[in-house]
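Topology and contacts: notes
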Amino acid sequence: MIEEFLKLLFLLSISLFYFYSVSGFGKTLKNKYSNYFDLQFEGTIILLILGYAIYITIGISVYLNILILSLGIIFYFFIGENLIKVDFKYLLLFFLLIFSVLVISKTHEDFNGYHYFSIHEVFNNRLRIGVSYLNERFFHSSLLVFNQALIVLPYLDLKLVHLPIFIIYLSSLGYFIFIVFSKTVKRDELFFSIFCLLVLLIKFNRLSEFGYDYIAQFILLVVFHKIYFLNSNNEELVRAILYFTLCVLIKPISLFFFPIMIYILFKRGIFFFRDFSSIRYFLFFLLVATFISSSFFKTGCLFYPLNSSCFTKDKVFWSEKKRVGDYSKMAQLWAKSYYNQNNYEKGSRYEKIEDKDLYLKKFNWFKFWVETHFFYKVSEFLLILLLTFILIYFYFVKLKEEDTKKNKDKYIILILSFFSTFFWLNTAPQFRFGFSSIIILFFFLFSVTLNLNIEFSKKKIINLFIVGLLVLNIKNLNRIKNEFSRDDFYKFNNFPFYNEIKITNDYSGYEIDNFLHVEIIR
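Fair warning: this is a prediction, and the values are worked out from it, not measured in the lab.

What follows covers the overall build of the chain. If you tally the helices and strands in the chain, you get 19 helices and 2 strands. Relative to the 2.2 N^0.38 estimate, which gives 24 Å for 522 residues, the radius of gyration of the chain is 23 Å and therefore close to what a compact globule would have. Once the C-alpha set of the chain is aligned to its principal axes, its extents read approximately 70 × 60 × 55 Å. Buried residues in the chain amount to 57% of all 522 residues.

With that settled, consider the confidence of the model for the chain. Low-pLDDT portions of the prediction should not be read for the details of their coordinates. Here the chain averages 86 in pLDDT, while 91% of its residues score no lower than 70. Strand E1 (residues 397-398) is the least confidently modelled element of the chain, averaging 78 in pLDDT, while helix H2 (residues 38-55) averages 96, the highest of any element. pLDDT under 50 marks residues 504-522. Its contacts with residues more than four places away, or in other chains, come to 53 contacts.

Turning our attention to the packing of H2 against helix H10 (residues 234-250). Orientation of H2 relative to H10, taken along the N-to-C sense of each, is 50°, at an axis distance of 11 Å. Regarding the angle of H2 to H10, the classification is oblique. In this structure, H2 meets H10 at a crossing whose hand is left-handed. Here Asp-38, Phe-41, Glu-42, Thr-44, Ile-45 and Leu-48 of H2 lie close against H10, whose contacting residues are Glu-236, Arg-239, Leu-242, Tyr-243, Leu-246 and Leu-249. In terms of residue class, the contact of H2 with H10 is built from 7 nonpolar, 1 polar and 4 charged.

With that settled, consider the nonpolar core. With 180 residues, the main nonpolar core has Ile-98, Tyr-169, Phe-204 and Phe-224 as its most contacted residues. Sequence-distant contacts of Tyr-169, that is, excluding residues within four places in its chain, are made with Ile-98, Val-101, Leu-200, Leu-201, Phe-204, Asn-205, Phe-210, Phe-218 and Leu-472.

Attention now goes to the packing of helix H17 (residues 407-427) against helix H18 (residues 431-447). Where H17 contacts H18, the two axes come as close as 9 Å, and the packing angle between them is 150°. In terms of their interaxial angle, H17 and H18 are classed as roughly antiparallel. Seen from above, H17 lies across H18 with left-handed handedness. Residues Lys-410, Ile-413, Leu-414, Ser-417, Phe-418, Ser-420, Thr-421 and Trp-424 of H17 form the contact with H18, whose own contacting residues are Phe-431, Phe-433, Gly-434, Ser-437, Ile-438, Ile-440, Leu-441, Phe-444, Leu-445 and Ser-447.

Moving on: the packing of aromatic side chains. Under the defined criterion, the tally for this structure stands at 84 aromatic pairs. Between the aromatic rings of Tyr-338 and Tyr-339, the centroid separation amounts to 5.1 Å while the plane-to-plane angle is 90°, which identifies the pairing as edge-to-face. The partly exposed category is assigned to Tyr-339, whose relative accessible area is 36%. A cation over an aromatic ring shows up here: Lys-367 above the ring of Tyr-350, its NZ or CZ 5.8 Å from the ring centre.

Another aspect to go through is the environment of Cys-301. Among the structural elements, Cys-301 can be located in the loop between helix H13 (278-299) and helix H14 (321-335). A relative accessible area of 0% places Cys-301 in the buried class. Taking C-alpha positions, Cys-301 is 9.8 Å from Phe-139, a pair spaced 162 residues apart along the chain. Excluding residues within four positions of it along the chain, Cys-301 makes contact with Ile-292, Ser-295, Phe-296, Ser-309, Cys-310 and Val-324.

Attention now moves to a nonpolar patch on the surface. On the surface, Phe-363, Phe-366, Ile-415, Phe-418, Phe-419, Phe-422 and Phe-423 cluster together to form a nonpolar patch covering roughly 640 Å² of accessible area. Per-element accounting of the nonpolar patch gives the leading share, 5 residues, to H17. Relative accessible area serves as the criterion here: at 37%, Phe-423 is assigned to the partly exposed category.

Right, let's get into the state of the cysteines. For the coordinates displayed, the defined rule picks out 1 disulfide. A disulfide bridge connects Cys-301 with Cys-310, and the sulfur atoms are separated by 2.0 Å. With the S-S dihedral at roughly 95°, the linkage between Cys-301 and Cys-310 falls on the right-handed side. Considering cysteine sulfurs only, Cys-247 is the nearest to Cys-196, which forms no disulfide, with 14 Å between them. Using a relative accessible area of 0% as the deciding quantity, one classes Cys-247 as buried.

Glancing now at H18. Every α-helix winds through 3.6 residues per turn, so residues three or four apart in the chain are directed the same way. For H18, which comprises 17 residues, the first-to-last C-alpha distance of 23 Å matches the rise-based estimate of 24 Å (1.5 Å per residue) to within 8%. At Ser-437, H18 shows its strongest bend, of approximately 35°. Most of H18 is tucked away, with 14 of its 17 residues classed as buried.

This paragraph deals with helix H4 (residues 88-98). Among all positions in H4, only Leu-91, Phe-94, Phe-95 and Ile-98 are buried. In an axial view of H4, the angular spread of the buried residues amounts to 100°, which keeps them on one side of the axis. Looking at the buried residues of H4, the elements they touch are helix H1 (2-27), helix H7 (163-180), helix H8 (187-202) and helix H19 (458-485).

Right, let's talk about unusual backbone geometry for a bit. With an omega of 15°, the peptide bond between Phe-375 and Tyr-376 qualifies as cis. Within the secondary structure, Tyr-376 is located in helix H16 (residues 366-395). Going from Phe-495 to Pro-496, the amide bond is cis rather than trans, its omega being 0°. Backbone geometry at Lys-362 places phi at a positive 50°, although glycine is not the residue there. Its place among the elements puts Lys-362 in the loop between helix H15 (356-360) and H16.

This next bit is on the pattern of salt bridges. As enumerated under the stated definition, the model contains 19 salt bridges in all. The network of salt bridges with common partners includes Asp-38, Glu-42, Lys-226, Glu-235, Glu-236 and Arg-239.

The next subject is the environment of Tyr-243. Examined against the element boundaries, Tyr-243 turns out to sit in helix H10. Overall, the relative accessible area of 0% leaves Tyr-243 in the buried class. Sequence spacing of Tyr-243 and Leu-47 is 196 residues, and the spatial spacing of their C-alpha atoms is 14 Å. Tyr-243 has contacts with Asp-38, Phe-41, Glu-42, Ile-45, Ile-219, Val-222, Val-223 and Lys-226, leaving out every residue within four places of it along the chain.

Moving on to the side chain of Ser-420. Structurally, Ser-420 can be placed in helix H17. The contacts of Ser-420, once residues within four sequence positions are left out, are Phe-256, Phe-257, Pro-259, Ile-260 and Ser-437.

Definitions and limits used
- Residues numbered from 1 in each chain as written.
- Predicted model: local features only at pLDDT ≥ 70, side-chain atom pairs only at ≥ 80, totals over all residues.
- Heavy atoms only, no water.
- Helix = DSSP H or I, 4+ residues; strand = E, 2+ residues; numbered from the N terminus.
- Rg over C-alpha atoms; globule rule 2.2 N^0.38 Å.
- Buried < 20%, exposed > 50% of the residue type's maximum accessible area, 1.4 Å probe, protein only.
- pLDDT = per-residue confidence, 0-100.
- Contact = heavy atoms within 4.5 Å.
- Axes fitted to C-alpha atoms, helices over the stretch in contact; angles between N-to-C directions.
- Parallel < 35°, antiparallel > 145°, perpendicular 65-115°, else oblique.
- Left-handed = near helix turned anticlockwise from the far one by under 90°.
- Nonpolar A, V, L, I, M, F, W, Y, C, P; charged D, E, K, R; others polar.
- Core = buried A, V, L, I, M, F, W, Y, C linked by side-chain atoms within 4.5 Å.
- Phe/Tyr/Trp six-rings, centres within 6.5 Å; stacked < 30°, edge-to-face > 60°.
- Lys NZ or Arg CZ within 6 Å of the ring centre and 35° of its normal.
- Patch = residues over 30% accessible without salt bridge, like charges linked within 9 Å, V, L, I, M, F, W, Y side chains within 5 Å.
- Areas by Shrake-Rupley, 256 points an atom, 1.4 Å probe, with all protein chains shown as cover.
- Salt bridge = Lys/Arg side-chain N within 4 Å of Asp/Glu carboxyl O.
- Disulfide = S-S within 2.5 Å.
- Expected span 1.5 Å × (residues − 1).
- Bend = angle between axes of the 7 residues up to and from the residue.
- Arc of directions from axis to C-beta.

Below is the structure:
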């Protein structure tokens, strides 16, 4: 029992160390901040670019990782203060309240067959051109793997690779908590922040279920807050653009959110971009260059989700133009439930459509998607949104409705979020690819019809926060208990770390073995 406690204490300590290190890299931009947790998102951007640069040049190593993380700590404590700080005691309490999310044995379904291989590739090799030839899953490998590769440390191997994902989740929560307890915040902004906070706590509280899709969607909620509620602040809009670009690098499917980004043009016009400073232009250029070059080196495509951006093999010998196109079609079929037609446990009411092209035409897929994915993935989420909204709406005192300047803007956002949700539905309607747009659309559907001029009580907000934390911890403590009771590979034999796989060949396949280290067989 003492040993387990010491391991938990170690994991907590290194999590805090990583948090401050990422914040330190965020401080190197020397921006003015209104929200402490912006440091995390900007630090994530810096580390992603840095990790990629190291990968294509000298290669990542555990000792270099120690140096980089240590530099982040130095930056945090010695670069000038341009932010509102959070006292260590409050940050520690916040970590403790969320920490059960990080303690996992069973990872999500895509981890062993996709994410693990990508991190393994980045850490153990310098740039290898055409790596997607080895395994088609490398086509859409998230660039967050460069951040994860930087957390591979001596004696720990890849045991901490979930930490960057956990910190993004924690920082998304922290971002909205910071707003909720700020002294000056508009009522509709406060309502939206409480709404997002409760949804993240109640629905998205199991790291074992998180892929890269989830964390990109969390950041998109932060992006929306900046472009809608803080659009008079130039620096916040610039951050929103950089964060949105980061989301696309984490998961290109984040482009579905682009219609909502157009709101910036409604508020500021095209000439807003003249206000970018040189460092912001440079950072944006580096993010775009990182995505394009990574896509090109892996697949021979400038932007692999778009098959027309792929070179042919006679021009680029490692090009995977045809396989990328086939894989994209397969992914679309999967998202629209083609492969679940026969797997529906209750039996489908509809005749199976074998022809893949016919299945995708004229929304023929829609009834199967409703049957196998809308119920219950999307419907359950909509129910959580509705109950959360009702809880907030009736728990606080409503004031007399006021005419606000944002009435027109609400309709604009409603329309833009509808288009964003429609693009998601028409292209890749998996819940995890578009729930941020659904949250925004849901919120503004009620915002334009109900009186959200509400008097919020800090005491009642704390009560709601406690309810959300209870749900989060009860679910995770129950999960941890069940993982100790498992009788398979995912049994909690490596507490508090997840069980790793063993690489047995050059990515054409893998076997699961009860090894706690990575063995590379070339």
